Amino acid sequence: TENLTKSFGENVILQNVSVEIEQGEVVSIIGPSGTGKSTFLRAINFLDPPTTGNIYFNDMKINKHNVDVLRRKMGMVFQNFGLFSHLDVMENLCMGPVKLLGKSRAEAETKAMDLLRTVGLSNRAHHFPHQLSGGQKQRVAIARCLAMEPEVILFDEPTSALDPTMVGEVMAVMRSLAKTGLTMLVVTHEMSFAKEISSRVFYMDECGIYEQGTPKEIFEHPQKPKTQEFIYRIRSFNYKIGYK
């Protein structure tokens, strides 16, 4: 992004955000609510185009005329799953590859089953979304995203709508994806994921990326006051209790 600014009327959400993300990076985006984290993702993939500034993808400047190219290379996973409720899981996964990538039905179904195995849901191929738990829906949403063979996946708080018991199953899938070299940008409140899996962490505040660094730098040695305050608030202690 180059000088990315996004405002809604007079309300400025992001101001002059310039950042470069390398192929294969896993970037966790953290910070208080209302600091533009989701807006940043939606501006990057032109769901909410920037008010001013530029987005580049593989040196190609993105605009309304070539945004379809971007969308095929950059998938997005939403907090509310975004599945087609009237289609079963298999249809959800096959529609994009057949209609947009020109794959044969057989090829799309084979790939879909491979992806469902990857996310642990091969026995749910012919279930409809309403027959799935929240965690299962989100894993299907990730598989559907992967079916489009993206180079980058944006995750917008993928576990925030889930019960705590379901968060782990989705995080396990995301951890395994991160190890494959896929470029991932993840808006998250799951600090353990941000600490363990990220190559970089963006802390967002004051209409932009207020501080960035490695997980160690951000979580153990934050430099700026607001980052320090945020990290101090979310820091938790783990006690090991032994029984004799």
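The residue count restarts for each chain, going from 1 along the sequence in the order it is written. pLDDT decides what is reported in this predicted model: residues at 70 or higher carry local features, side-chain atom pairs at 80 or more are listed and counted, and totals for whole chains, interfaces and linings draw on all residues regardless. The basis for every side-chain value is the complete set of non-hydrogen atoms in the structure, without hydrogens or water.

## Concerning the pairing of strand E11 (residues 208-213)
Selection rule: Here, any two strands with at least 2 DSSP bridges between them count as paired. Put simply, DSSP marks the helices as runs of H or I at least four residues long and the strands as runs of E at least two long, and each gets a number from the N terminus on.
Pairing of strand E10 (residues 200-205) with E11, which is carried by five bridges, proceeds in the antiparallel orientation. Paired with Val201 across the bridge in E11 is Gly213. Hairpin connection of E10 to E11: two residues between the antiparallel strands, including Glu206 at a positive phi of 50°.

## Quick word on the nonpolar core
To be explicit about the condition: We define the nonpolar core as a collection of buried residues of types Ala, Val, Leu, Ile, Met, Phe, Trp, Tyr and Cys that are connected through side-chain atoms lying within 4.5 Å of one another. For every residue, the accessible area (1.4 Å probe, protein chains only) is compared with the maximum for its type, and the residue is labelled buried under 20%, exposed over 50%, or partly exposed between those bounds. The contact rule is simple, with two residues in contact once any of their heavy atoms fall within 4.5 Å.
By size, the foremost hydrophobic cluster in this structure holds 39 residues, and its most contacted members are Leu93, Ile142, Phe155, Met174, Met184 and Phe193. Looking at this core, the elements with two or more residues in it are helix H3 (89-99), helix H4 (105-118), helix H5 (134-147), strand E8 (152-156), helix H6 (164-178), strand E9 (183-187) and helix H7 (191-197). Sort the elements by how many residues they give to this core and H6 lands first, with eight residues. Apart from the residues lying within four places of it in its own chain, the contact partners of Met184 are Glu25, Val26, Val27, Ile153, Phe155, Met174, Leu177, Ala178 and Phe193.

## Observations concerning the sheet that holds strand E1 (residues 2-8)
Keep this limit in mind: Only the stretch in contact is used when fitting a helix axis, every axis being a line fitted to C-alpha atoms; angles between N-to-C directions are given from 0 to 180 degrees.
The strand order across the open sheet formed by three strands is E2-E1-E4, and the pairing between neighbours is antiparallel. In this open sheet, the two strands that pair with only one neighbour each are strand E2 (11-17) and strand E4 (52-54). Within the sheet, the average angular offset between the axes of one strand and its neighbour, ignoring direction, is 20°. Bridge count for E1 against E4 is two bridges, and the pairing is antiparallel. Looking at the pairing, Glu2 lines up with Asn54 of E4. Where helix H1 (residues 37-44) meets the sheet, it contacts E1 and E2, and its direction lies at approximately 60° from that of E2.

## Considerations on the side chain of Ser7
Tracing the backbone through its elements, the reader meets Ser7 in strand E1. We classify Ser7 as buried; its relative accessible area is 19%. When sequence neighbours within four positions are dropped, the list of residues in contact with Ser7 reads Val12, Ile13 and Thr51.

## Examining the packing of aromatic side chains
Put simply, the test is: Note on aromatic contacts: the rings of Phe and Tyr and the six-membered ring of Trp form a pair at centre separations within 6.5 Å, being stacked when their planes are under 30 degrees apart, edge-to-face when over 60 apart, and tilted otherwise. As a reminder, the over-ring test applies to NZ of lysine and CZ of arginine, requiring each to be within 6 Å of the ring centre and within 35 degrees of the ring normal.
Evaluation of the coordinates by the stated rule reveals two aromatic pairs. Considering the side-chain rings of Tyr203 and Phe230, the 5.2 Å spacing of their centres and the 50° angle between planes classify their relative orientation as tilted. Within this pair, whereas Tyr203 is found in strand E10, its partner Phe230 is found in helix H9 (residues 225-234), the two being separated by 27 residues in sequence. Here the two residues Tyr203 and Phe230 agree in accessibility, since each one is buried. Every member of this aromatic cluster is reached through a ring pair, and the members are Tyr203, Tyr210 and Phe230. Of note, Lys195 hangs over the ring of Phe219, and the distance from its end group to the ring centre comes to 5.5 Å.

## Let's talk about the sheet that holds strand E3 (residues 26-30)
Here six strands make up an open sheet; going across it, the order is E7-E8-E9-E3-E10-E11 and the pairing mixed. The strands lining the two open edges of the sheet, one partner per strand, are strand E7 (74-77) and E11. Averaged over neighbouring strand pairs, the angle between their axes works out to 20° when direction is ignored. Packed onto the sheet, H5 meets E7 and E8 and runs at close to 175° relative to E7.

## Things to note about the packing of H3 against H4
Applied cut-off: In this scheme, roughly parallel covers angles under 35 degrees and roughly antiparallel covers those over 145, while 65 to 115 is roughly perpendicular and the rest are oblique. When the near helix sits turned anticlockwise from the far one by under a right angle, the crossing is termed left-handed; a clockwise turn instead gives a right-handed crossing. Under the scheme applied, nonpolar residues are Ala, Val, Leu, Ile, Met, Phe, Trp, Tyr, Cys and Pro; charged residues are Asp, Glu, Lys and Arg; polar residues are all the others, including Gly.
Axis separation between H3 and H4 bottoms out at 9 Å; the angle between their running directions is 125°. Viewed along their axes, H3 and H4 adopt a mutual orientation that is oblique. Handedness of the H3/H4 crossing: right-handed. Touching Val89, Met90, Glu91, Leu93, Cys94, Pro97 and Val98 of H3 are Arg105, Ala108, Glu109, Ala112, Met113, Leu115 and Leu116, all from H4. Its residues placed into classes, the contact of H3 with H4 shows eleven nonpolar, no polar and three charged.

## Some words on unusual backbone geometry
In this model, Phe46 sits at a positive phi of 65°, which is unusual for a non-glycine residue. Its place among the elements puts Phe46 in the loop between H1 and E4. Here Phe46 falls in the buried class, since its relative accessible area comes to 13%.

## Quick notes on H5
We count it as follows: Expected span, for any helix, means 1.5 Å times one less than how many residues it has.
The first and last C-alpha atoms of H5 sit 20 Å apart over 14 residues, in line with the 20 Å expected at 1.5 Å per residue. With twelve of 14 residues buried, H5 is to be regarded as a mostly interior element. Taken together, the buried positions of H5 are Gly134, Gly135, Gln136, Gln138, Arg139, Val140, Ala141, Ile142, Ala143, Cys145, Leu146 and Ala147. Turning to H5, the residues buried within the fold contact E7, H3, H4, E8 and H6. Just past H5, the residue Glu149 takes up positive phi, approximately 55°.

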